[in-house]
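Structural overview
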Amino acid sequence: MRTVLSIGELARTSGLSVSALRFYDKAGVLTPHAVDPRTGYRWYTDRHVDAAVLVAAMRRVGMPVKEMAAVLSGTDAHGLLDRHLGRLEKGLDDARRELTKIHRLLDARAARECTVALRTTDLLTAFDSVRFAADADSEFPVLRGCLLETDHDMLRLVTTDRYRLAVGTATVLESPDEPISAVVPCTFLDDAAGLLRRYDTVTVVVGSDSITLRCGAEQLTTRLVDGAFPDHRSLSPRDRGIEHTFSSAKLRALLTDAGDRVDLGVLESGEIVIGSPGTEQPVRFHVQVNAGFLLEAVDALPGAQLTFQVGGPITPLAIRPRSIHTSDPASAYSLLMPLQPVALT
C-alpha cells in the first residue's frame, strides 16, 4: 500500500522547497499522484521521494530541466550525467582562464604609478595649513597621516584627529591620468620640506604601496599608510549657514588668553561675537569650541581675514580664508567639532 504525502511532507523529505516542487510539476519533471480540483493542492506518494531526491541533487549541479526529466525516465541517464559533467569541467576551465586574466590585470594596475606635478611652494603652503589637525600620538596610523587626493586640476590635502579636520589645496601643473588617493605619514612631509624648498617644482609619484617626491635629480620615498581615511567629504560645509568675517590679527588677540574653550554667540542679526556679546541684541544660539584648536586653525590658515561659518549649536564650526569662495566645498577650510556647552563665567 502506497503512503500518500502532502507537498509539504515531500519538500521536507527531499530537500526541495514547496515552490520548487510546483515548478517541477509544471515543467513535467515531477508530476503529483493527485491534484485536488477545488483547491489545486498536490498530493504525492512514497514513490516520488526517490525521484525528488534525484531532482534535488541534479538541481544542485545545474542540470537542465529537460535533461532531468530524461534522466528520471531512464533515457540514457548515465550518458546525460557524463555529458553534463563535461560541460561543467569545460566551464570551470574557462573560469580559471578568466580569473587568471583578472589576476594579471589587477597586478598590472597595482604596479602602475600615478604622477602629478605641482609647485613646491603650493604643496608646502597646503601642508602647512593642515599639519596642525593630525594627531601625532594617535594609535591609528591614518590619524597621524595626511590624505593626498587629486580632483581634476587640484591636489587636496586632508588631516584629522576626529575632533577637528583641515583641508588644504594646491593647483597641479598637469592632471594625472588616473585619480590619486593615498595617505602619507605627516613626518615624511615634514622631513621633505628641506628638499622641497630647494626646488621650484616637485613630481609626486604614487605606487601601489609607496610614494616618492622627485625634485630634479633628488628624491625621497616612503611607504603609504594602511587603513581607510575618515570620510571628510561628508563633513564638507556645503550649506553656507551663518557667516561672519574676522580679522586674523584680532582673532589671535582675542584667543591668546581665552582659556580652555571659546564661546561664539550668534546674534539675531547674524553677527557672530566671541566671548561676551557686549550688546543688548538677543543671542540665537551659542557654539563652544576648544580655544587651543581654534587658535591653531587661525594660525594655519592663510590670509588677513577669516570667515566663520556655523549652522547651529551642535554643528561643526567651519573656518575659511576670506579670499576663498565659500560655496566651493573643495576649497581650503578647517572644521572644529563643537564642545558640550557649559555656562561660562
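Right above here is the structure, for reference.
The sections below set out a description of the structure shown in this document. (Residues numbered from 1 in each chain as written. Predicted model: local features only at pLDDT ≥ 70, side-chain atom pairs only at ≥ 80, totals over all residues. Heavy atoms only, no water.)

Here we come to helix H8 (residues 248-256). For H8, the set of buried residues is Ser248, Leu251 and Leu255. Angular distribution of buried residues about the axis of H8 spans 55 degrees; they occupy a single face of the element. Residues Ala249, Ala253 and Thr256 are exposed on H8 and point more than 90 degrees away from its buried face. Along its buried surface, H8 packs onto strand S12 (242-247), strand S13 (261-267), strand S14 (272-274), helix H9 (291-300) and strand S16 (305-310). (Buried < 20%, exposed > 50% of the residue type's maximum accessible area, 1.4 Å probe, protein only. Helix = DSSP H or I, 4+ residues; strand = E, 2+ residues; numbered from the N terminus. Arc of directions from axis to C-beta. Contact = heavy atoms within 4.5 Å.)

Once that is clear, we can look at the packing of aromatic side chains. For the structure shown, the criterion picks out 3 aromatic pairs. Ring centres of Phe23 and Tyr24 lie 5.1 Å apart, and the angle between their planes is 70 degrees; this geometry places the pair in the edge-to-face category. Geometry around Phe140 places Arg162 over its ring, the cationic atom sitting 5.4 Å from the centre. In this arrangement the basic side chain of Arg164 is found over the ring face of Phe293, its NZ or CZ atom lying 3.8 Å from the centre. (Phe/Tyr/Trp six-rings, centres within 6.5 Å; stacked < 30°, edge-to-face > 60°. Lys NZ or Arg CZ within 6 Å of the ring centre and 35° of its normal.)

Attention now moves to helix H4 (residues 65-73). Residues separated by three or four positions in an α-helix point in the same direction, a consequence of the helix having 3.6 residues per turn. Residues Glu67, Met68, Ala70 and Val71 constitute the buried set of H4. Seen from one end, H4 has its buried residues packed into an arc of 165 degrees, which puts them on one side. Pointing more than 90 degrees away from the buried face of H4 are the exposed residues Lys66 and Ser73. Positive phi appears at Gly74, one or two residues downstream of H4, with a value of about 90 degrees.

This next bit is on the packing of helix H1 (residues 7-14) against helix H3 (residues 47-60). Orientation of H1 relative to H3, taken along the N-to-C sense of each, is 55 degrees, at an axis distance of 9 Å. Classified by the angle between their axes, H1 and H3 sit oblique to one another. Of the two elements, H1 crosses H3, and the hand of that crossing is right-handed. Listed contacts from H3 to Leu10, Thr13 and Ser14 of H1 are His48, Val49, Ala52, Val53 and Ala56. Across the contact of H1 with H3, the residue classes break down as 5 nonpolar, 3 polar and no charged. (Axes fitted to C-alpha atoms, helices over the stretch in contact; angles between N-to-C directions. Parallel < 35°, antiparallel > 145°, perpendicular 65-115°, else oblique. Left-handed = near helix turned anticlockwise from the far one by under 90°. Nonpolar A, V, L, I, M, F, W, Y, C, P; charged D, E, K, R; others polar.)

If you look at the biggest cluster of nonpolar residues, it comprises 59 residues, and the most contacted ones within it are Leu157, Leu294, Phe308, Leu317 and Ile319. No other element matches the 7 residues that helix H7 (residues 186-197) contributes to this core. Counting residues in each nonpolar core, the second largest holds 23 residues, with Leu30, Val55, Met63 and Leu80 among its members. (Core = buried A, V, L, I, M, F, W, Y, C linked by side-chain atoms within 4.5 Å.)

Glancing now at unusual backbone geometry. One non-glycine residue with positive phi stands out, namely His152, at about 60 degrees. Take His152: it is sitting in the loop between strand S5 (145-151) and strand S6 (154-160).

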